Amino acid sequence: MDAAPSAGGAEAAASSPTDLARGCRRMEGRNALLTAAARGLGLASALRLAAEGAQVWITDRDETALAEAAREAAHGGLALRTLRMDSSDPRDVAARVGEVIAAAGALDVLVNNAGGSLHTPYRFGDESDEDWKRVLDLNLMGAVWASRAALPAMVARGYGRIVNFGSKAGRFGSLIAGPNYAAAKGAIASLTRQMAMEYGPRGITVNCICPGVVMTERTRALWAERRTPQERAQVLQDIPLRRHCEVEDAAAAVAFFASDDSAFVTGVTLDLNGGQAMA
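Computed from a prediction, not measured in an experiment: that's the story for all the values here.

The rules behind the values
- Residues numbered from 1 in each chain as written.
- Predicted model: local features only at pLDDT ≥ 70, side-chain atom pairs only at ≥ 80, totals over all residues.
- Heavy atoms only, no water.
- Helix = DSSP H or I, 4+ residues; strand = E, 2+ residues; numbered from the N terminus.
- Pairing = 2+ DSSP bridges.
- Axes fitted to C-alpha atoms, helices over the stretch in contact; angles between N-to-C directions.
- Contact = heavy atoms within 4.5 Å.
- Buried < 20%, exposed > 50% of the residue type's maximum accessible area, 1.4 Å probe, protein only.
- Expected span 1.5 Å × (residues − 1).
- Bend = angle between axes of the 7 residues up to and from the residue.
- 1 Å grid on protein atoms, 1.4 Å probe; cavity = no way out; pocket = protein on both sides within 12 Å on 5 of 7 lines; lining within 4 Å.
- Points joined across faces, edges and corners; volume = space filled by probe spheres on them.
- Nonpolar A, V, L, I, M, F, W, Y, C, P; charged D, E, K, R; others polar.
- Right-handed = clockwise from strand over helix to strand, strands pointing away.

**Considerations on the overall build of the chain**
Stage number 1. Counting secondary structure elements, the chain contains 11 helices and seven strands.
Stage number 2. C-alpha atoms of the chain, sized along the principal axes, occupy 60 × 50 × 40 Å.

Given below as structure tokens:
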């Protein structure tokens, strides 16, 4: 017969992952920057790093969303510093990352979260050159530009953690995003490995997280638009853990790669899909 859960276990189960992370101060004294992180898994990751003691900056194009994110953090007793930045504009990226480094004095962690399919068509034959350029600029080049701006400061200190967001789409294909998005996220995984080889000797790790479908507000809309209820139910049935990825799952992976618990891990692509695709 199974033992009854203790009161302590019940309390822990009722606590959010961010609440639980407050007792784990792996990021104390670290400075972290997350791109396009005013909502969704970017915001969840920012809150997780802040709860673990980091001084956190987030960027986004949407100033209203940035203000709401800062209020949400403050309501939970945390602080997020915000900057308006367009991750698809190389000059803006260079300027804003430079501002963070100047204000913080150092940058320990960069999370390249900016991305999305930008609601471009799902079918290859329907995607224009402009569709490809927009998606590649945001998903791939945004990470290139942010890393290019952050790396000199990391190299100077001999320490850094870069976490790139790929996607299951780039590893196994996508049920809702098109080939431009899949190609960009596949390139992120390759970029991660190459950067890890180059910058490992400088004390910098570079790793990649590839979530399956994460049920953010934006994803739910695409999911409903591009798959029937029957298809959505079948996909869920095909996931061994019988649920989709939550933003807190992604945040926990970010916190691991950003911390020194992963000091001997680099060039890794972590599949975060509940066993839907295994490699």
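**Considerations on the sheet that holds strand β6 (residues 204–211)**
Stage number 1. Taken in spatial order, the seven strands line up as β3-β2-β1-β4-β5-β6-β7 in an open sheet, and their pairing is parallel. Strand pairing shows two members of the sheet lacking a second neighbour, β3 (80–84) and β7 (269–272), which therefore form its edges. Within the sheet, the average angular offset between the axes of one strand and its neighbour, ignoring direction, is 20°.
Stage number 2. Direction of pairing for strand β5 (residues 160–165) relative to β6: parallel, over a ladder of six bridges. Bridging across to β6, F165 finds its partner in I209.
Stage number 3. Each of β1 (31–34), β2 (55–60), β3 and β5 is contacted by helix α3 (residues 40–51), which is oriented at about 175° to β1, the strand it contacts most.
Stage number 4. Strand contacts of helix α5 (residues 90–104): β1, β2 and β3, with the helix running at about 150° to β3, the strand carrying the most contacts.

**Quick look at the environment of F257**
Stage number 1. Topologically, F257 is positioned in helix α11 (residues 247–258).
Stage number 2. Classification of F257 as buried rests on a relative accessible area of 2%.
Stage number 3. For the pair formed by F257 and V109, sequence separation is 148 residues and the distance between their alpha carbons is 9.4 Å.

**Quick notes on helix α6 (residues 129–157)**
Stage number 1. The first and last C-alpha atoms of α6 sit 41 Å apart over 29 residues, in line with the 42 Å expected at 1.5 Å per residue.
Stage number 2. Considering bend angle alone, the principal kink of α6 is centred on M141 and spans about 45°.

**Describing empty space enclosed by the protein**
Stage number 1. Applying the stated criterion across every chain yields a total of two cavities of 30 Å³ or more.
Stage number 2. Reported here for the largest cavity is a volume of approximately 40 Å³.
Stage number 3. Residue lining of the largest cavity: G212, V213, I239, R243, H244, C245, N273, G274 and Q276, and that is the complete set.
Stage number 4. For the lining of the largest cavity, the per-class residue count stands at three nonpolar, five polar and one charged.

**Here's the deal with the pairing of β1**
Stage number 1. Side chains N31 and L33 project from β1 onto one buried face, and the interleaved A32 and L34 project onto a second face that is buried too.
Stage number 2. Sheet topology places β1 next to β2; four bridges connect them, and they run parallel. Bridge pairing links L33 to W57 in β2.
Stage number 3. Tracing the backbone out of β1, into α3 and back to the parallel element β2 gives a crossover that is right-handed.
Stage number 4. Across three bridges, the pairing between β1 and strand β4 (residues 109–112) is parallel. Within the sheet, the bridge partner assigned to L34 lies in β4 and is V111.

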